[in-house]
Amino acid sequence: MARKAKKRRYSRSSGSDVESEMRRYKKGTAKSGRGGRGGRVKSRKQAIAIGLSKARKKGKKVPKKASTRKSAKKTSRKSSKSSKSSKKSSKRKSSKR
């Protein structure tokens, strides 16, 4: 079967912003925080995130930030707890007979 053409999620110019930030990170001159007052960037992921945020500020095509994992976990836990509690109550009723 033929592959479907996928949409580009990031513009090529946003990739160049990330690339330049990675160069700064490798050189050791990349700094985080407002005005670079947060200290040196110590991880590759952080350097990529800074590059993407700079691209967003310039108005380039970059996907929106993903929601935090904590909120996603909380919603899934709530739904699983409610189903478990209903199962427990049905078991209790049958055991009393």
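Right above here is the structure, for reference.
The written sequence of each chain sets the order in which its residues are numbered from 1. Local features are withheld for residues below a pLDDT of 70 in this predicted model, meaning they are given only at 70 or higher, and side-chain atom pairs are given and counted only at 80 or more; totals for whole chains, interfaces and linings count all residues. Excluding hydrogens and water, the side-chain values take into account all heavy atoms of the structure.

Chemist: Any chance you could explain helix α2 (residues 44-58) here in plain terms?
Modeler: For the α-helix, the turn length of 3.6 residues means that residues three or four positions removed from each other point alike. Strands are runs of DSSP state E lasting at least 2 residues, helices are runs of H or I lasting at least 4, and numbering of each runs from the N terminus. Helices are assigned an expected span. That span is 1.5 Å times one less than the residue count. The end-to-end C-alpha separation of α2 is 21 Å, in line with the 21 Å expected for 15 residues at 1.5 Å each. Exposed residues in this analysis have more than 50% of their type's maximum accessible area, buried residues have under 20%, and partly exposed residues fall in between, with area computed by a 1.4 Å probe over protein chains only. Every buried residue of α2 is accounted for by A47, I50, G51, L52 and A55. Note on contacts: a residue pair qualifies if any of its non-hydrogen atoms lie within 4.5 Å across the two residues. Buried positions along α2 lie against α1 (12-27). Once α2 ends, the next one or two residues include G59, with phi positive near 90 degrees.

Chemist: Mind showing me how you'd approach the packing of α1 against α2 here?
Modeler: The angle between the axes and the distance between the axes are what describe a pair of packed helices. In contact at an axis separation of 8 Å, α1 and α2 are set at 140 degrees when each is read in the N-to-C sense. It follows from the interaxial angle that α1 and α2 lie oblique. At the point where α1 passes α2, the crossing takes the right-handed sense. Packed against α1, whose contacting residues are S14, D17, V18, E21, M22, R24, Y25 and K26, the element α2 presents R44, A47, I48, I50, G51, L52, K54, A55 and K58 at the interface. Its residues assigned to classes, the contact of α1 with α2 comprises eight nonpolar, two polar and seven charged. Fitted lines through C-alpha atoms give the axes, limited to the stretch in contact for helices. The angle between two N-to-C directions lies from 0 to 180 degrees. These descriptions rest on fixed angle ranges, namely under 35 degrees for roughly parallel, over 145 for roughly antiparallel, 65 to 115 for roughly perpendicular, and the rest for oblique. Two helices that cross are described as forming a left-handed crossing if the nearer one is turned anticlockwise from the farther one by less than a right angle, and a right-handed crossing if clockwise. Only Asp, Glu, Lys and Arg are considered charged in this grouping, and only Ala, Val, Leu, Ile, Met, Phe, Trp, Tyr, Cys and Pro are considered nonpolar; every other residue, Gly among them, is considered polar.

Chemist: I'm lost on the side chain of S14 in this one. Help?
Modeler: For S14, the location among the structural elements is in helix α1. Residue S14 is classed as buried on the basis of its relative accessible area of 1%. For this analysis, a polar contact is any N or O atom pair within 3.5 Å, provided that within protein one partner can donate a hydrogen and the other can accept it, and provided that sequence-adjacent residues contribute only side-chain to side-chain pairs. Engagement of the side chain of S14 in a polar contact is seen with the backbone oxygen of S11, the distance being 2.6 Å. In this structure, S14 is in contact with A55, K60, K61 and V62, ignoring residues within four places of it in sequence.

Chemist: How should I be thinking about the pattern of salt bridges in this particular structure?
Modeler: Here the idea is simple: oppositely charged side chains can pair when their charged atoms come close. By salt bridge we mean one thing: a side-chain nitrogen of Lys or Arg within 4 Å of a carboxyl oxygen of Asp or Glu. Scanning the entire structure with this criterion turns up five salt bridges. With a closest N to O distance of 3.2 Å, D17 and K58 form a salt bridge. One end of the pair, D17, is in helix α1; the other, K58, is in helix α2, with 41 residues separating them in the sequence. A relative accessible area of 9% places D17 in the buried class.

Chemist: Sorry, what's going on with the environment of R40 here?
Modeler: In this structure, R40 sits in the loop between α1 and α2. Here the alpha-carbon distance between R40 and T29, two residues eleven residues apart in the chain, equals 7.2 Å. Every residue in contact with R40, bar those within four places of it in the chain, is listed here: G28, A30 and K31. Of note is the side chain of R40, whose polar atom sits 2.7 Å from the backbone oxygen of G28.

Interpretation note: all reported values are geometric properties and have no functional meaning in isolation.
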